[in-house]
Amino acid sequence: MATLLRTTALASTAWTRDLVVSGPKRCFGVATATTKTNLKVLFVTEEDMEGTEEEDRQKVLAECIKPYFDERVPVVVRGAMAKESTPAMQSWTSLEYLHKTNHDDTASVEIGGSYGNPDVERPDIPFDQYLQYLKMFHSLHGEHGPKEDPWLKGQKTEEDQSALSEPKPDELVYMAQNDLLHNLQKDIQIPEFCRDASYGVGHGKPYSTMMWLGPRQTVSPLHFDPLDNCLMQIVGRKRVVMFSPNTNADYTWHYAGSEGQQKNTSPVDIEASVDHVLKRTFPRFVRWAPPAMYTLLEPGDLLYIPAKWWHHVRSLDTSASVNVWFR
């Protein structure tokens, strides 16, 4: 499956599927897709990695990431997480399992959509109560979104509209950026290169490991992180749109820090209509934003996001992810 990279700053519907076989010798089944600005995405299929011993698998993963770490560009690794070393890929699909192992924990949640919305509430609630919310959400709106991303297609089909009841913003409750719950830590293998400098990817100093759990349509607005980031997709699908921090154009294209946002967060809604919204409200974004890169994360995928790269994330299904910020 080819990753799709958008070639203009969301002002065009042109996408590329140009694939060139390349990469480190230890990376199996590597395919690199590039845009005109040389943004790269890597693939390693689960079949290629199947049967590899865990220790060697970690070396392979580090060798796959290292060229992109050195170039400071993102990379997607398909099949980065083996099911045998990542029980979460199966067990976290069960709300009953999450309840059984973590019913006494507390969750910090965002109510009302993106944290970029000034009206969003951020209470701490019992984790068990949050799981009850997810169960109710599933009964009303379902666990899975359309098979094809409506944003990528540009419009929803009649099938999409008839099959799904779309939630309102005040129905969205996102367990975003919580410390990975203690009883779930055994379910996932954190990449060794995040904590072992001998792999040659950074200094081997993890900063924090976070868990993200929420229903479809939850979103993290366009923002950047000050540290390198490994985002591991466990359950469901997420769409990620990224922009390079390196541009010779107007460096204020993102409007970060304006309209009440944090200094690392943009008020630009990249999903809005270019003609009817963005050109009027954020003209510098339309004119000066660097080419955007799109990828769809599926269970087992790992996305490496270099520090300072702008990214916008939306869950297309009920989704569980874990990320590690590291140096």
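In the block above lies the structure referred to throughout.
The structure presented is a predicted model; accordingly, all values stated were derived computationally and were not measured.

(A) Region of the structure containing the overall build of the protein chain. Helices and strands together make up the secondary structure of the protein chain, namely nine helices and 18 strands. Residues counted as buried form 55% of the 327 residues belonging to the protein chain. Sequence separation of 24 or more characterises 78% of the internal contacts of the protein chain that already satisfy a separation of 6 or more.

(B) Just the pairing of strand β16 (residues 302–305), in detail. Burial along β16 is two-sided: the residues L302 and Y304 and L303 and I305 are all buried. Across three bridges, the pairing between strand β6 (residues 75–77) and β16 is antiparallel. The residue bridging V75 from the neighbouring strand is Y304, located in β16. In this structure, strand β13 (residues 228–235) lies alongside β16, joined through four bridges in antiparallel fashion. Residue pairing in the sheet places C230 in a bridge with Y304 of β16.

(C) Broad picture of the layout of surface pockets. Volume-wise, the second largest pocket comes out at about 510 Å³. Around the second largest pocket, the lining comprises 24 residues; the ones closest to its centre are Y115, Q177, W212, H223 and W325. When contributions to the lining of the second largest pocket are tallied by element, the ones reaching two or more residues are β10 (173–179), β12 (219–223), β13, β17 (310–315) and β18 (319–326). For the lining of the second largest pocket, a count of residues per class yields 11 nonpolar, nine polar and four charged.

(D) Molecular detail of the side chain of S321. As for its placement among the helices and strands, S321 is situated in strand β18. By relative accessible area, which is 0% here, S321 ends up buried. A polar contact of 3.0 Å, which involves the side chain of S321, links it to the side chain of K238. Beyond its immediate chain neighbours, meaning those up to four positions away, S321 contacts M210, M211, W212, L231, M232, Q233, I234 and K238.

(E) Representation of helix α2 (residues 54–71) in the model. Across its 18 residues, α2 extends 26 Å between first and last C-alpha, which sits within 8% of the 26 Å expected from 1.5 Å per residue. In α2, a bend of some 30° at I65 exceeds every other bend along the element, and P67, a proline, comes one to four places later. Buried within α2 we find R57, Q58, V60, L61, A62, C64, I65, Y68 and F69. In the segment just after α2, R72 is the residue with positive phi, at about 65°.

(F) Region of the structure containing the packing of helix α4 (residues 95–102) against helix α5 (residues 127–141). Running from N to C, α4 and α5 point in directions that differ by 170°, and their axes come no closer than 10 Å. By the angle between their axes, α4 is roughly antiparallel relative to α5. Two secondary-structure elements touch here, α4 through L95, L98, H99 and N102 and α5 through F127, D128, L131, L134, K135 and H138. In the contact of α4 with α5, the residues fall into five nonpolar, three polar and two charged.

Reading the values: rules and limits
- Residues numbered from 1 in each chain as written.
- Predicted model: local features only at pLDDT ≥ 70, side-chain atom pairs only at ≥ 80, totals over all residues.
- Heavy atoms only, no water.
- Helix = DSSP H or I, 4+ residues; strand = E, 2+ residues; numbered from the N terminus.
- Buried < 20%, exposed > 50% of the residue type's maximum accessible area, 1.4 Å probe, protein only.
- Contact = heavy atoms within 4.5 Å.
- Pairing = 2+ DSSP bridges.
- 1 Å grid on protein atoms, 1.4 Å probe; cavity = no way out; pocket = protein on both sides within 12 Å on 5 of 7 lines; lining within 4 Å.
- Points joined across faces, edges and corners; volume = space filled by probe spheres on them.
- Nonpolar A, V, L, I, M, F, W, Y, C, P; charged D, E, K, R; others polar.
- Polar contact = N/O pair within 3.5 Å; in protein donor to acceptor, adjacent residues only side chain to side chain.
- Expected span 1.5 Å × (residues − 1).
- Bend = angle between axes of the 7 residues up to and from the residue.
- Axes fitted to C-alpha atoms, helices over the stretch in contact; angles between N-to-C directions.
- Parallel < 35°, antiparallel > 145°, perpendicular 65-115°, else oblique.

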